[in-house]
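Structural characterization, general
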Amino acid sequence: MKLLKKNIEKLNLFMENYPKIGIYFPQFLIILLLGIVISYFSMNASTNMAARGIETGFGFLANKASFDIQFSLIDFDSNDSYARAYLVGLLNTLLVSGIGIFFATVIGFFVGVTRLSSNILASKVAEIYIEIFRNIPLLLQIFFWYFAILRLLPSSDNSLILFNFVFANIKGIYVPRFVWENLNHFVYGFLFSILAIYFFVSFLKKKQEKTGVQVPTFTTSLIIFFTINLIVIYFGNVGLSLSYPILETNRGLYNYMGGVSVIPELIALAFSLSLYTSTFIAECVRAGILGIDQGQKEAAASIGLSKGQILKLIVIPQALRIIIPPVTNQYLNLTKNSSLAAAIAYPDIVLVFAGTALMQTGKAIEIVSITMLTYLTLSVSISLLMNWYNKKNSIAER
Amino acid sequence: MNFINWSKKNLFANWKDSLLTITILYLFYVSIPPLLNWVFLDATFFGDSKKDCTGGGACWVFINVWIKRFTYGMYPNDQIWRINLAFVIFFISIGSYFFVSSKIKKYIFIFLTLVFPFLAIFLFHGGSLGLEEVETRVWGGLFLTLFISVFSIIFCFPIGVLLAMGRRSNLPVIKYFSIGFIELWRGVPLITVLFMAAVMFPVFLPSGTNLDKLIRVIIAITLFESAYIAEVVRGGLQAIPRGQYDAANSIGMGYWKSHLLIILPQALKIVIPGVANTFIALFKDTPLILVVGLMELLGMVNMAKTNPAWLGLATEGYVFAAFVYFIFCFSMSRYSLSLENKLKTTN
Amino acid sequence: MSKIIELKDVNKWFGDFQVLKDINLTVSSKEKIVICGPSGSGKSTLIRCINRLEEHQKGDIVVDGMTLDANTKNIEKIRSEVGMVFQQFNLFPHLSILDNCTLAPIWVKKKSKKEAEELANQYLEKVQIVDQAKKFPGQLSGGQQQRAAIARALCMEPNIMLFDEPTSALDPEMIKEVLDVMVDLAKGGMTMCVVTHEMGFAKEVADRVIFMDEGSIVEEKPTDQFFNNPENDRTKLFLSQILN
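Being a predicted model, the structure only gives us computed values, none of them experimental.

What follows concerns the overall build of chain C. When its secondary structure is counted, chain C shows nine helices and 10 strands. The globule rule puts the C-alpha radius of gyration for 244 residues at 18 Å, and the 18 Å found for chain C is close to it. By principal-axis analysis of the C-alpha atoms, chain C measures approximately 55 × 45 × 35 Å. Counting only residues that meet the buried cut, chain C has 58% of its 244 residues in that class. A separation of at least 24 residues holds for 64% of the contacts in chain C among residues at least 6 apart in sequence. Here chain C has roughly 10,500 Å² of accessible surface; of this, 44% comes from carbon and sulfur atoms. Side chains of chain C carry 30 positive and 36 negative charges; the gap between the two charge centres is 4 Å.

In structure tokens, the structure reads:
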């Protein structure tokens, strides 16, 4: 015991005389350990992969995929490469995430503001909504909406018909496809109207600075938008017709051709993601608005600003600063949560690539790495964007 | 008289408010009675098979019959007493914690954190001392949910704290390793991590070794959540004023002593809400393990609903599961709120 | 001198608690009154009722000929003629000092940007922080922020200025710079109602001093009489504590 103590003392003295050791030695140790762990794993990996007859390498990406994907935004069949399959999965992930983000934001802001309403009934209902959809696991919500409700949809020969041109059955919801004539005219007109609005609003702003006269920009923008686009549609011969889904039988199977189909998996996933994430966004919005000091509103009122002006000029600019960073975090969470698609067979990147492709090729390391890298890239880029946005908008302090 | 005044002010203050109130009341009128009918009035609660569900409402018989499976998974019926025993010991320890002197409190704490985990694993798994071995393959249901949550929480917390300290370290290797580790786990979805644990991890071990899938899953969830804990704790560490670090150093405390005795106790108190939220999120993430073949509560419900004798009762199953999860998560968040309030006033 | 503020039998409750009891007060144009009293006496609530930041339940308040009631048009008109300075300054942190000052002239009085900025610079000069105009509130000291807040209120060119304990949140060395601005304002002829504990200021500038306690006006006298000859015992007690 005494010998041990003496040696520890010696070590401590030694460390005091050479403080740099305390700095470099632990780091060296960690690098060494990491090196050992990594080489151990790699050695095992190469032995195991060789034993299974699977080569490592990313060449497989060019190979034929040999499987079909149920839903894709771009053309894909079993002759396309794995790389293209990855792309399809990625696009599907972005699609459901985009839809989810849009609705989650809209619902979230609405619920968040309602939560602060002076109407006690409304505020309680909002609170109950938040507590219910926040405390139930997302996976369960996805299952619920998918299995329990969408399965109530009938089979293809017995579809639910809405408004005579929307058909809902177990294979999906079919809506008419838009068929455009002279779409390019419309697109140019649309872009032109946006530009026109931009310039007109800037002009109005300058006018207000010069003379103090205020013109309602929102109404004027709407008028410009509709006028220009209507003129273009009329004189540019822009036509729009609908290609209705028509029930056809093909070898005894009923199918709707000619429309656009939205598979129930996409609907269920987008719906649950939106509801679940909206609860968190609602809380962010509430925190943001509550975070504005009461004194700000009083000061604004005392210099004569109207309720609408106070909201527009004082409350919302400050609240957004507080709201946007955590909301962006929620967007990221939603995108990551979209990977739960695998549980209901929506062909997102996890199911298509880390699921089907991995099962077929056995290249676990390459595929899982690529998938994780994809999500990492998405996360990191959004974080960087958020950091840049924060710096740009931070309120200057001494 | 008072109620009318109160309603006038809070529900009907102006025409917009009144419209809102009326719309909400109408929605209640349309949705709540049918819901109550389905859940209670027309529902069947007792029986032993689907045929007993005659009313138009929910068939709770389904839950009644399957409740053992939902709670214990496929654990052999005659061994279920072992699980119950472990939970009883757990609740007695927690319960008595509040009623004993502080000296005994310390022993109870040590028991719970160091002894009980091993005791529980032994009880659940068996394999010696006369207890029949029950493979982790058949563990399931709410029991599995709680098992995974508790063990992941216990392990991810210290790892997270170490990572948070590592990220703030002055030693570049440790700092960048911590940053990389944290950002890696935070940037990817849990499902990919679980796939990695189930599919990729065996590739990295010498061929022939077979690390139990449950252990792999717990490791995966632990590492994943530790990154989130790390970020929450880091916020707490940053909030401690520089003066505390200086004071600790000036009385001769080194890095570890000052952190253990001065910095961390304060930082952890600040981050209780964030940590509680992460634990609740962990609990809500456990259902994901069904994609790698482990049947916790939701997985068991999924399995039960495809049983040919019980088709079409998915709604009842999901509503039941939702109810159970809601009770747990809601209670946890209320408890953390009350804890936060209690600590606010004592400080 | 015409009566510019009139409070007649004003009563206010917060729930069951009565915070203002039968307040009767008149202020004439160009008059400076100081309201003092212990905390909880209702003095802040009183002046906040004048620009309707608080609503009174009973009694009448008439400001510059307009009755204060639920009529929003009246409220907004009154607020553009009454300026207020808060204890916590309440500058808008996301706008520069200049923008803080030009905000209301542009959006309420519909002035052009150039006009509003000229006006703002004029008042910022008056409170001596025109060199900080482009800075943000977070970059200024407490005294500078409060002076900016005064300039912001002045930019609406009010007839009446209300001050709610303007120096209570300031470090001692910055109180003087703010009081100097207020004295300057008083000498320029502004009607002022000031809630404060700064008795030196009251002695120098106030025409009348009002002492409030527990929601009522206990004593109301011209300045000299108030300090030299307080009648009420509670006033005497308060003065002895404040002036020690």
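A side chain with one charge can pair with a side chain of the opposite charge if their charged atoms come near. Scanning all chains against the criterion turns up 26 salt bridges over all chains. With a closest N to O distance of 3.2 Å, Glu231 of chain B and Arg234 of chain B form a salt bridge. Pair noted here: Glu231 of chain B and Arg234 of chain B are both in helix H9 (residues 213-239), with a separation of three residues, about one helical turn. Relative accessible area serves as the criterion here: at 16%, Glu231 of chain B is assigned to the buried category. In this structure, Asp180 of chain C and Lys176 of chain C form a salt bridge, with 2.8 Å as the shortest nitrogen-oxygen distance. With Asp180 of chain C and Lys176 of chain C both in helix H6 (residues 172-187) and four residues apart, this pair spans about one turn of that helix. Shared partners join several salt bridges into a network, and the residues in it are Glu131, Arg134, Glu283 and Arg286 of chain A together with Arg334 of chain B.

Residues and elements named next belong to chain B. With respect to the helices, strands and loops of the structure, Ser93 is situated in helix H4 (residues 80-97). The exposure class assigned to Ser93 is buried, which follows from its relative accessible area of 7%. Discounting chain neighbours no more than four positions away, the residues touching Ser93 are Ile108, Phe111 and Leu112.

Right, let's talk about a nonpolar patch on the surface for a bit. On the surface, a nonpolar cluster with roughly 820 Å² of combined accessible area is contributed by Leu25, Phe28, Ile32, Leu36, Phe40, Leu41, Phe45 and Phe46 of chain B. With respect to the element layout, Phe40 of chain B can be found in helix H2 (residues 15-41).

What follows covers the interface of chain A and chain C. Counting from both sides, the interface comprises 30 residues of chain A and, opposite them, 30 residues of chain C. Summed over both partners, the interface of chain A with chain C buries about 2,600 Å², with 59% contributed by carbon and sulfur atoms. For the pair chain A and chain C, the interface holds seven residue pairs in polar contact (both at pLDDT 80 or more). For the side of chain A that touches chain C, the class distribution of residues is 11 nonpolar, 11 polar and eight charged.

With that settled, consider the interface of chain B and chain A. On the side of chain A, 51 residues touch chain B, which itself brings 52 residues to the contact. Summed over both sides, the interface between chain B and chain A buries roughly 4,500 Å², with carbon and sulfur atoms accounting for 76% of that surface. On the chain B side of the interface with chain A, the three residues burying the most area are Val203, Phe204 and Lys284 of chain B, jointly 14% of the side's total. At the surface where chain B touches chain A, the tally comes to one salt bridge. Applying the counting rule to chain B against chain A returns nine residue pairs in polar contact (both at pLDDT 80 or more). Elements that contribute at least two residues to the side of chain B that touches chain A include exactly helix H1 (2-10), H2, helix H7 (172-187), helix H8 (190-200), helix H13 (297-305) and helix H14 (314-346) of chain B. The biggest single contributor to the side of chain B that touches chain A is H14 of chain B, with 11 residues. Residues of the side of chain B that touches chain A, tallied by class, amount to 38 nonpolar, eight polar and six charged.

Generally speaking, nonpolar side chains in soluble globular proteins are found buried as a group. The biggest cluster of nonpolar side chains holds 199 residues, and the ones touching the most others in it are Phe70 and Trp139 of chain B. Residue contacts for Trp139 of chain B: discarding those within four places in its chain leaves Tyr75, Phe124, His125, Val134, Leu144, Phe147, Leu214 and Met295 of chain B. One finds Ala149, Ile175, Met182 and Ala202 of chain C within the second-largest nonpolar core, a separate group that totals 49 residues.

Next up on the list: the sheet that holds strand S5 (residues 66-67) of chain C. Residues and elements named next belong to chain C. Read across the open sheet, the four strands follow the order S2-S1-S4-S5; overall the sheet is antiparallel. Looking along the sheet, the strands with just one partner apiece sit at the ends: strand S2 (17-28) and S5. Both strand S4 (residues 58-63) and S5 contribute to a ladder of two bridges, which runs antiparallel. Bridging across to S5, Val62 finds its partner in Thr67.

Residue and element names in this part refer to chain A. One can describe the packing of helix H8 (residues 264-290) onto helix H10 (residues 307-337) by two numbers: an axis separation of 8 Å at closest approach and a directional angle of 165 degrees. The angle between H8 and H10 falls in the class roughly antiparallel. Along this stretch, H8 crosses H10, giving a crossing that reads as right-handed. Of H10, the residues touching H8 (which contributes Leu273, Tyr276, Thr277, Phe280, Ile281, Cys284, Val285, Gly288 and Ile289) are Ala319, Ile322, Ile323, Pro326, Val327, Gln330, Tyr331, Leu334 and Asn337. Classifying every residue of the contact of H8 with H10 gives 14 nonpolar, four polar and no charged.

This brings us to the sheet that holds strand S6 (residues 82-85) of chain C. All names here are of chain C. One open sheet accounts for six strands, arranged S6-S7-S8-S3-S9-S10; its pairing is mixed. Unpaired on one side and paired on the other, S6 and strand S10 (216-222) mark the two borders of the sheet. Sheet twist, expressed as the mean angle between neighbouring strand axes with direction ignored, is 15 degrees. The pairing of strand S7 (residues 160-164) with strand S8 (residues 191-195) spans five bridges and is parallel. Paired with Ile160 across the two strands is Thr191, which belongs to S8. Taken strand by strand, helix H2 (residues 72-81) contacts S6 and S7, and its axis lies near 65 degrees from that of S6.

What follows concerns the arrangement of the chains. Most contacts, when the two pairs of chains in contact are compared, are made between chains A and B. Kept free of each other, chain B and chain C leave a smallest C-alpha distance of 13 Å between them.

Looking now at the environment of Arg69 of chain B. Residues and elements named next belong to chain B. Assignment of secondary structure puts Arg69 in helix H3 (residues 61-72). Separated by 228 residues in sequence, Arg69 and Leu297 place their C-alpha atoms 8.7 Å apart. Apart from residues no more than four positions distant in its own chain, Arg69 is found in contact with Met74, Tyr75, Asn77, Gly141 and Met300.

Now for the state of the cysteines. Residues and elements named next belong to chain B. The tally for this structure, following the rule as stated, stands at zero disulfides over all chains. Left unpaired, Cys329 is separated from the closest cysteine sulfur, that of Cys156, by 15 Å. With a relative accessible area of 0%, Cys329 lands in the buried category.

Residues at a pLDDT of 70 or more form 98% of chain B, whose mean pLDDT is 84. By mean pLDDT, the top-scoring element of chain B is helix H6 (residues 141-167) of chain B (91), and the lowest-scoring one is H1 of chain B (73).

Reading the values: the criteria
All residue numbers refer to position in the chain's written sequence, counted from 1. Chains carry letters and ligands carry numbers; both start at the beginning, A for chains and 1 for ligands, and go up in the order they are written. Where totals are concerned, whole chains, interfaces and linings use all residues; where local detail is concerned, this predicted model gives features only for residues with pLDDT of at least 70, and gives and counts side-chain atom pairs only at 80 or more. The side-chain quantities take in all heavy atoms of the structure and omit both hydrogens and water. Strands are runs of DSSP state E lasting at least two residues, helices are runs of H or I lasting at least four, and both sets are numbered from the N terminus onward. The globule rule used for comparison is 2.2 Å times the number of residues to the exponent 0.38, while the radius of gyration itself is calculated over C-alpha atoms. Classification of residues uses two cut-offs on accessible area relative to the type maximum, computed with a 1.4 Å probe and protein chains only: under 20% is buried, over 50% is exposed, and between them is partly exposed. We call two residues in contact whenever any of their non-hydrogen atoms come within 4.5 Å of each other. Residue burial considers only the protein chains on display, and all accessible areas are found by Shrake-Rupley using a 1.4 Å probe. Charge counting follows a simple rule: Lys and Arg are positive, Asp and Glu are negative, and His as well as the terminal groups are ignored. In plain terms, the charge of a residue is placed at NZ if it is Lys, CZ if Arg, CG if Asp and CD if Glu. When a carboxyl oxygen of Asp or Glu lies within 4 Å of a side-chain nitrogen of Lys or Arg, that pair is called a salt bridge. Residues with no salt bridge and a relative accessible area higher than 30% make up the patches, which join like charges within 9 Å and nonpolar side chains (Val, Leu, Ile, Met, Phe, Trp, Tyr) within 5 Å. Note on terms: buried area is the combined drop in 1.4 Å-probe accessible area of two parts once they are placed together, counting the loss on both. For the purposes of these results, a polar contact is taken to be a pair of N or O atoms within 3.5 Å, where, inside protein, one atom must be able to donate a hydrogen and its partner to accept one; residues adjacent in sequence count only when each atom of the pair is a side-chain atom. Residue polarity follows a fixed list, in which Ala, Val, Leu, Ile, Met, Phe, Trp, Tyr, Cys and Pro are nonpolar, Asp, Glu, Lys and Arg are charged, and the others, Gly among them, are polar. Definition used in this section: a nonpolar core is a set of buried Ala, Val, Leu, Ile, Met, Phe, Trp, Tyr and Cys residues joined via side-chain atoms within 4.5 Å. When DSSP finds two or more bridges between two strands, those strands count as paired. To define axes, lines are fitted to C-alpha atoms, for helices over the stretch in contact only, and angles between the resulting N-to-C directions are given on a 0 to 180 degree scale. For classification purposes, an angle smaller than 35 degrees is called roughly parallel, one larger than 145 roughly antiparallel, one from 65 to 115 roughly perpendicular, and anything else oblique. The sense of a crossing depends on the near helix, which, turned anticlockwise from the far helix by less than a right angle, makes the crossing left-handed and, turned clockwise, makes it right-handed. In plain terms, two cysteine sulfur atoms within 2.5 Å form what is called a disulfide here. For every residue, the pLDDT score states the predictor's confidence, bounded by 0 at the bottom and 100 at the top.

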